[in-house]
Amino acid sequence: MTSIKDYVAVTGEDVIDRLHQLARPLRGMKVVHVNSTYVGGGVAEILSKLVPLQKDLGLDVRWEVIRGEERFFQVTKSFHNGLQGIPVPLGETLLKGYEETGAQNAEELRSILEEADIVIIHDPQPLPLLRSCPNRKGKWIWRCHIDLSHPYRPVWKYLRNFVQEYDASIFSLADFAQPLPHTQYLMQPSIDPLSEKNMDLTQEEVHAAKLQFGLDPDRPIMLQVSRFDRFKDPLGVVKAYRLVKSFAPSLQLILAGGGATDDPEGEAVLTEVRNEAGTDKDIHVLLLPPDAHVTINALQRGADVVVQKSLKEGFGLTVTEALWKGKPVIGGDAGGIRLQVVNHQTGFLVKTPEGAALRARYILRHPDIALEMGLRAKELVRQNFLLTRNLREYLSIMLTSLYGDQERIELQMESAP
Ligand code: UDP
């Protein structure tokens with residue numbers, strides 16, 4: 001288990017001292033994060049790293065996961081799709097089921113939630129919990145990780161009723177902010193440089209991962225890591241690969257992903273991907289277990305071309321992860337990818353499979369330029385998208401939420417009396 005002091009090696013002492021300073025007035029505060037899965041997807045990835053460090057800084061933090069039946073997750077997945085712009089049906093019964101599951105979860109969590117000083121609700125699944133906690137004493141914040149740039153209005157109109165009762169919300173991009181009657185914070189997600197997913201690996205480990213999945217380590221590899229979700233456009237990636245393959249016949253493609261317990265559409269999309277891949281032995285569709293962090297790390301390090309061709313993207317941690325490994329990323333021109341892929345500097349923004357193919361060919365033909373872009377990519381992440389920055393912003397938001405109406409907030413140094 002990493003502790004906050006381990007990060008001194010990555011960020012320097014000042015950054016960590018400042019975190020202690022910010023955390024001091026929050027020590028012992030009861031903070032509860034709530035989402036809908038412990039594994040799979042970016043939210044679980046972040047919380048699994050953020051929560052232990054918030055504890056290490058002295059906050060009394062819990063991470064709770066709501067439970068629901070398959071139908072509940074079908075509804076919430078359709079909310080997810082709707083919020084990212086797809087017209088989806090909104091039947092009375094479905095909405096009733098969503099609200100009832102919220103109320104049932106609140107039965108179990110009520111005392112913890114009502115006692116908390118800060119409750120952070122992640123994404124739409126647990127939104128209704130607030131309504132079932134009438135005696136809440138703390139501040140409730142909605143942290144939205146979804147690309148809300150052009151929501152399907154009926155879905156947002158419905159969910160907005162819940163959101164507006166919160167004390168504040170947090171979005172990843174200014175583009176996602178919405179007219180709401182409370183403070184909206186902007187905060188980007190982050191990666192943990194010391195986690196198994198991002199730590200340094202040896203060449204041997206990278207080589208071994210390629211052999212493990214039947215790849216030829218001497219031939220180029222194009223990679224996309226993501227849940228099997230249509231917004232990640234896996235079929236577009238296969239199309240791009242085929243276009244590149246006609247110029248670089250030795251190219252291999254890996255589509256690596258796993259399921260998330262709150263994503264019921266994964267299997268159907270996986271089948272579509274497998275059908276599209278057909279009998280091409282150079283397409284490797286890998287269904288990985290949720291703890292395959294080192295494997296993903298190795299594949300990202302071993303890839304010659306990393307793609308994240310999303311059509312909508314809240315942020316795209318897979319992009320951050322690859323950039324951190326010195327890989328320029330060919331990313332869909334959407335949502336949070338735009339913050340990370342600085343066109344021609346840390347990668348290329350693309351709109352179509354043809355665009356992705358063109359850029360992939362360029363990267364394969366110019367490994368020296370790819371290396372330079374990769375250096376810039378890593379620096380971009382070091383300066384902007386590491387967990388320590390995210391931690392600092394969470395602490396600041398908590399301080400503002402709890403003490404924002406006071407004239408001054410005293411931030412004492414550790415050594416102060
Ligand atoms: N991930 C994983 N296993 C998989 C697919 C994805 O561990 O099979 C991780 C991936 O490395 C990243 C996160 O899940 O850390 C996905 O976050 P992202 O923001 O890219 O997308 P989301 O799934 O949240 O839409």
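Look up: the structure comes first, before these words.
This structure is a prediction, so every number in the text was calculated from the model and none was measured. (Residues numbered from 1 in each chain as written. Predicted model: local features only at pLDDT ≥ 70, side-chain atom pairs only at ≥ 80, totals over all residues. Heavy atoms only, no water.)

A separate point is the site of the ligand. Taken together, 16 residues lie around the ligand, and G42, R227, K232, G258 and E321 are the ones closest in. In this structure, T318 approaches the ligand through a main-chain N or O atom, which is 3.1 Å from an oxygen atom. Starting from 540 Å² of accessible surface for the ligand in isolation, the protein chains cover 90%. Looking at the shell around the ligand, the elements that each hand over two or more residues are α3 (42-56) and α11 (317-324). For the shell around the ligand, the element with the most residues is α11, which contributes three residues. Class assignment of the residues belonging to the shell around the ligand gives a composition of three nonpolar, seven polar and six charged. (Near = heavy atom within 4 Å. Polar contact = N/O pair within 3.5 Å; in protein donor to acceptor, adjacent residues only side chain to side chain. Areas by Shrake-Rupley, 256 points an atom, 1.4 Å probe, with all protein chains shown as cover. Helix = DSSP H or I, 4+ residues; strand = E, 2+ residues; numbered from the N terminus. Nonpolar A, V, L, I, M, F, W, Y, C, P; charged D, E, K, R; others polar.)

A positive phi angle, near 50°, is found at D233, a position not held by glycine. Relative to the helices and strands, D233 is located in the loop between β7 (221-225) and α8 (234-245). Given the relative accessible area of 14%, D233 is considered buried. The phi angle at H344 is positive, at roughly 70°, despite the residue not being glycine. Mapped onto the secondary structure, H344 falls in the loop between α12 (337-340) and β12 (347-350). Note on H344: relative accessible area 43%, which makes it partly exposed. (Buried < 20%, exposed > 50% of the residue type's maximum accessible area, 1.4 Å probe, protein only.)

Here we come to helix α2 (residues 13-23). Residues of α2 that are buried include every one of I16, L19, Q21, L22 and A23, and no others. Packed against the buried residues of α2 are α1 (8-11) and α15 (387-403). (Contact = heavy atoms within 4.5 Å.)

Here the focus is the sheet that holds strand β11 (residues 329-332). The six strands lie next to each other as β9-β8-β7-β10-β11-β12, forming an open sheet whose pairing is parallel. Both outer strands of the open sheet, β9 (283-287) and β12, are each paired with one neighbouring strand and no more. Adjacent strand axes in the sheet meet at a mean angle of 20°, parallel and antiparallel pairs treated alike. The sheet contact formed by β7 and strand β10 (residues 305-308) spans two bridges and is parallel. Residue L223 lies in a different strand from β10, and its bridge partner there is V306. Relative to the sheet, helix α9 (residues 266-277) contacts β8 (252-257) and β9, its axis offset from that of β9 by approximately 160°. Contacts from helix α10 (residues 293-302) reach β7, β8, β9 and β10 within the one sheet, and its direction differs from that of β7 by about 140°. (Pairing = 2+ DSSP bridges. Axes fitted to C-alpha atoms, helices over the stretch in contact; angles between N-to-C directions.)

The next subject is the packing of α8 against α9. The N-to-C vectors of α8 and α9 enclose an angle of 15°; their axes lie 9 Å apart at closest approach. By the angle between their axes, α8 is roughly parallel relative to α9. As for the relative orientation of α8 and α9, their crossing is right-handed in sense. From α8, P234, L235, V238 and R242 reach across to α9, where they touch V269, E272, V273, E276 and A277. (Parallel < 35°, antiparallel > 145°, perpendicular 65-115°, else oblique. Left-handed = near helix turned anticlockwise from the far one by under 90°.)

Quick look at the sheet that holds strand β1 (residues 30-35) now. Spatially, β2-β1-β3-β4-β5-β6 is the arrangement adopted by the six strands of the open sheet, whose pairing is parallel. The outermost strands of the open sheet, each flanked by one partner alone, are β2 (60-65) and β6 (183-186). Recorded for the sheet is a direction-independent mean angle of 20° between the axes of neighbouring strands. As paired elements, β1 and strand β3 (residues 118-122) share four bridges and run parallel to each other.

Counting buried positions over the five residues of β3 gives five, a clear majority of the element. Of the strand pairs in this sheet, β3 and strand β4 (residues 139-143) are connected by five bridges, and their pairing is parallel. Residue I118 lies in a different strand from β4, and its bridge partner there is K139.

For the rest of this paragraph, the subject is the environment of R143. With respect to the element layout, R143 can be found in strand β4. A sequence separation of 19 residues divides R143 from P124, and the C-alpha atoms of the two residues are 9.0 Å apart. The contact partners of R143, leaving out residues within four places of it in the chain, are I120, I121, H122, D123, I170, F171, S172, M187, Q188, P189 and Y394.

Side chains that differ in charge, positive against negative, can pair when their charged atoms come close. Tallied over the entire structure, the rule returns 24 salt bridges. Put simply, E108 and R67 hold a salt bridge, and the shortest N to O gap is 2.7 Å. Linking E108 in helix α5 (residues 92-115) with R67 in the loop between β2 and α4 (70-83), this pair joins segments that are 41 residues apart in sequence. E108 gets classed as exposed once you look at its relative accessible area, which sits at 53%. Classification of R67 as exposed rests on a relative accessible area of 54%. The residue D333 makes a salt bridge to R338 at a minimum N-O spacing of 2.6 Å. With a relative accessible area of 42%, R338 lands in the partly exposed category. Members of the salt-bridge network, linked through shared partners, are K77, R227, D229 and D263. (Salt bridge = Lys/Arg side-chain N within 4 Å of Asp/Glu carboxyl O.)

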